[in-house]
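Architecture and fold: a report
What follows is the residue order along each chain.
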Amino acid sequence: MTRIIFPLLLGIATLFSSAAQAQSGVRLADNAPDSYTVVAGDTLWGISGRFLQQPWRWPEVWRLNRDQIRNPHLIYPGQVILLDRSGPWLSIGRRIDGSGAVRLQPQVYSEALDAAVPSIPLQIIEPFLSRPLVVDGPRLEGSATIVATETSRVLTGSGDTVFAKDVGDGADVWHIYRPARPLEDPLTRETIAWEAAYLGTARVTERGTERGTPATLEIVSAVEEIGVGDLMLPSERPAVFSYVPHAPVQALEGRIISIHRGVSETGRLNVVALNLGERDGIERGHVLALFRNRGSAEFNGEHGKESFTLPEKRYGTAFVFRVFERVAYALVMDADGHVTLADAVRRP
């Protein structure tokens, strides 16, 4: 698809005068380069981090010049990002000779749409965008249930036929899962949802009838063995992930309640679950700051023993990419040290 890319098409960080920079609070990184050439595999977050102290804030700067910058995601490998420190300004152009001169005029680029630079690494979160991750009360009640297998085997796999009740007419492809583990609020110990163990996918081959005949489905993929009693939810179409990062408007106070693969610690570019969801105002694209609890300390002084609660340490950021009623999933983008269960998350 052919796209017209203007020279100032740089949604990641178009900085204006010093006054505009001071007003927005967006600042250059200490070691910002004079130029950078976009390569395959780059993300807007990663490119922004080369120029900005807070890479997630590039949309704020982009909106200052939205008349010139129509879509920050239409940035492609091979384009050169140039920094003019007198402004400072950032622009996009092409080198036309060995001197590094740049022609600042509209350019036409022909690229496949999926070659554009995404906000964050999509290959990491892609499995999380359509599969059932969290099951709460309403989703449990809306699930279909496998009631029998064709061969009466206890467990089945790819290519086998299963029969299920409550299979609605709105979807042909269904994800099979079982509620695997309760998700508890680390402070109240309340179970707020269940993490779903994804088992596979099935396609409807024959609809059920109103007289109680179950629907017939063929299992098209299986990552684990599937049996009677396992549940199903309609397959959701993966979202086109072009959400720009932004801070929540309201103050938020949450905790990390689960880390993907069931570990107790993780790090950068790993997925975590939070005890915040739609009802708390969380939405896809929100950026949250991570805070580490340093615990407490006791001091024996001349006045006896004293106890002190140590201040929390802000150590990273996380990008929310999928939201349920009371739970959200986020990708850890930056982290100084380990990300641990029960660490706090707040508006940055």
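Look above for the structure.
Residues numbered from 1 in each chain as written. Predicted model: local features only at pLDDT ≥ 70, side-chain atom pairs only at ≥ 80, totals over all residues. Heavy atoms only, no water.

Description of the sheet that holds strand S22 (residues 328-335)
One closed barrel holds the 6 strands; their spatial order is S15-S17-S22-S21-S18-S24, and the pairing between them is antiparallel. Mean inter-strand twist for the sheet, computed between neighbouring axes without regard to direction, equals 45 degrees. (Pairing = 2+ DSSP bridges. Helix = DSSP H or I, 4+ residues; strand = E, 2+ residues; numbered from the N terminus. Axes fitted to C-alpha atoms, helices over the stretch in contact; angles between N-to-C directions.)

A few points about the environment of Asp334
As for its position among the elements, Asp334 is in strand S22. Residues Asp334 and Arg268 lie 66 residues apart in sequence; the distance between their C-alpha atoms is 5.6 Å. Side-chain polar atoms of Asp334 contact the side chain of Trp45, separated by 3.3 Å. Here Thr317 takes part through its side chain, which lies 3.0 Å from a polar atom of the side chain of Asp334. (Polar contact = N/O pair within 3.5 Å; in protein donor to acceptor, adjacent residues only side chain to side chain.)

Here's the deal with the pattern of salt bridges
Here the structure, examined in full by the defined rule, presents 10 salt bridges. Arg207 is the salt-bridge partner of Asp172, the closest N and O atoms lying 2.5 Å from each other. Note that Asp172 is positioned in the loop between strand S9 (161-165) and strand S10 (173-184) and Arg207 in the loop between strand S11 (191-206) and strand S12 (215-222), a separation of 35 residues in sequence. Residue classification places Asp172 among the partly exposed residues on the basis of a relative accessible area of 44%. Given a relative accessible area of 28%, Arg207 falls into the partly exposed group. (Salt bridge = Lys/Arg side-chain N within 4 Å of Asp/Glu carboxyl O. Buried < 20%, exposed > 50% of the residue type's maximum accessible area, 1.4 Å probe, protein only.)

Thoughts on a nonpolar patch on the surface
Where nonpolar side chains cluster on the molecular surface, the patch consists of Phe299, Phe308 and Leu310 and spans about 280 Å² of accessible area. Along the chain, the position of Leu310 falls in the loop between strand S20 (304-309) and strand S21 (313-323). (Patch = residues over 30% accessible without salt bridge, like charges linked within 9 Å, V, L, I, M, F, W, Y side chains within 5 Å. Areas by Shrake-Rupley, 256 points an atom, 1.4 Å probe, with all protein chains shown as cover.)

Brief notes about the packing of aromatic side chains
Summed over the entire model, instances satisfying the criterion amount to 2 aromatic pairs. The interplanar angle of 70 degrees and the centroid separation of 6.1 Å between the aromatic rings of Trp45 and Phe319 together place this pair among those described as edge-to-face. Here Trp45, found in helix H2 (residues 44-51), pairs with Phe319, found in strand S21; they are 274 residues apart in sequence, far enough to count as distant. Grouping residues by exposure puts Trp45 and Phe319 together as buried. Ring centres of Phe324 and Tyr329 lie 6.4 Å apart, and the angle between their planes is 75 degrees; this geometry places the pair in the edge-to-face category. Judged on exposure class, the residue Phe324 and its partner Tyr329 are both buried. A cation sits over an aromatic face here: Arg346 above Phe291, 4.7 Å from the ring centre. (Phe/Tyr/Trp six-rings, centres within 6.5 Å; stacked < 30°, edge-to-face > 60°. Lys NZ or Arg CZ within 6 Å of the ring centre and 35° of its normal.)

As for the pairing of strand S15 (residues 253-259)
Every regular strand shows the same layout, with side chains that alternate between the two sheet faces. Extensive coverage of S15 is indicated by the burial of 6 of its 7 residues. Bridging between S15 and strand S17 (residues 271-274) involves 3 bridges; their strand directions are antiparallel. Bridge pairing in S17 places Ile259 opposite Val272.

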